[in-house]
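Analysis of the macromolecular model
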Amino acid sequence: MIGPMLVAKHFAPVLRPAGSIVLFSGVVAWRPGPGSLVKGVTNGAVEYLARHLAADLAPVRVNAVSPGVIDSGAWDRLADAKAGLLGKSAAGTLVGRHGEIDDVVDAVMWLLRAGFVSGETIHLEGGARHKSA
């Protein structure tokens with residue numbers, strides 16, 4: 001939480017009044033599981049940070065995106081196991097696929113231009129939060 005707060009502290013004063021800050025959270029905040037306590041709580045706190053920063057920095061807009069499993073290159077270290085992870089992730093979504101970098105880029109670019117959106121968290125996880133186990 002310290003990093004995003006420092007970014008807001010130091011960059012908000014130089015943003016134009018119609019400016020925008022986008023923070024990043026993650027689906028683990030809404031899908032708790034064993035071993036995810038610190039990551040989940042930290043990711044969940046980003047949603048509240050975006051809400052409070054939006055109020056404190058208004059009219060500068062502050063929002064967050066909360067991606068699920070995205071094929072961003074971060075999973076490449078898994079080598080042959082990567083396909084299995086992405087397949088399992090796809091099966092756990094309502095849309096039947098894992099995320100791609102363009103999904104995140106599209107949402108962030110929209111938030112940067114959406115002049116009437118502030119204090120919100122956009123979930124980019126294909127409905128995984130809503131799918132029953």
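The notes below deal with the structure included here. Bear in mind the structure is a predicted one, so any value in this text is a computation, not a measurement.

**Describing the overall build of the protein**
The number of helices and strands found in the protein is 4 helices and 5 strands. Along the protein, helices (α) and strands (β) appear in the sequence α-β-α-β-β-α-β-α-β when read from the amino end. Seen along its three principal axes, the alpha-carbon backbone of the protein occupies a region of about 45 × 30 × 30 Å. When burial is assessed residue by residue, the protein has 38% of its 133 residues classed as buried. Once local pairs closer than 6 in sequence are excluded, the contacts in the protein between residues at least 24 apart make up 71%. Put simply, the protein has 13 plus and 11 minus side-chain charges, and the middle of one group is 5 Å from the middle of the other.

**Looking at the nonpolar core**
Grouped burial of nonpolar side chains is what soluble globular proteins tend to show. Counting 11 residues, the largest nonpolar core is built from Ala 8, Ile 21, Leu 23, Val 46, Leu 49, Ala 50, Leu 53, Ala 54, Val 60, Val 62 and Ala 64. The set of elements that each furnish at least two residues to this core consists of β1 (20-24), α2 (37-57) and β2 (61-67). Sorting elements by how many residues they give to this core places α2 first, with 5 residues. In this structure, Ile 70, Val 108, Leu 111 and Ala 114 belong to the second largest nonpolar core, which totals 10 residues.

**Notes on the pairing of β1**
It is a general feature of regular strands that their side chains alternate between the two faces of the sheet. For β1, a buried count of 4 out of 5 residues is recorded, marking the element as mostly surrounded by other parts of the structure. In this sheet, β2 lies alongside β1 in parallel orientation, the contact comprising 5 bridges. If you follow Phe 24 over to β2, its bridge partner there is Val 65. Where the polypeptide runs from β1 across α2 and back to β2, its parallel neighbour, the crossover connection is right-handed.

Definitions and limits used
Residues numbered from 1 in each chain as written. Predicted model: local features only at pLDDT ≥ 70, side-chain atom pairs only at ≥ 80, totals over all residues. Heavy atoms only, no water. Helix = DSSP H or I, 4+ residues; strand = E, 2+ residues; numbered from the N terminus. Buried < 20%, exposed > 50% of the residue type's maximum accessible area, 1.4 Å probe, protein only. Contact = heavy atoms within 4.5 Å. Lys, Arg positive; Asp, Glu negative; His and termini not counted. Charge placed at Lys NZ, Arg CZ, Asp CG, Glu CD. Core = buried A, V, L, I, M, F, W, Y, C linked by side-chain atoms within 4.5 Å. Pairing = 2+ DSSP bridges. Right-handed = clockwise from strand over helix to strand, strands pointing away.

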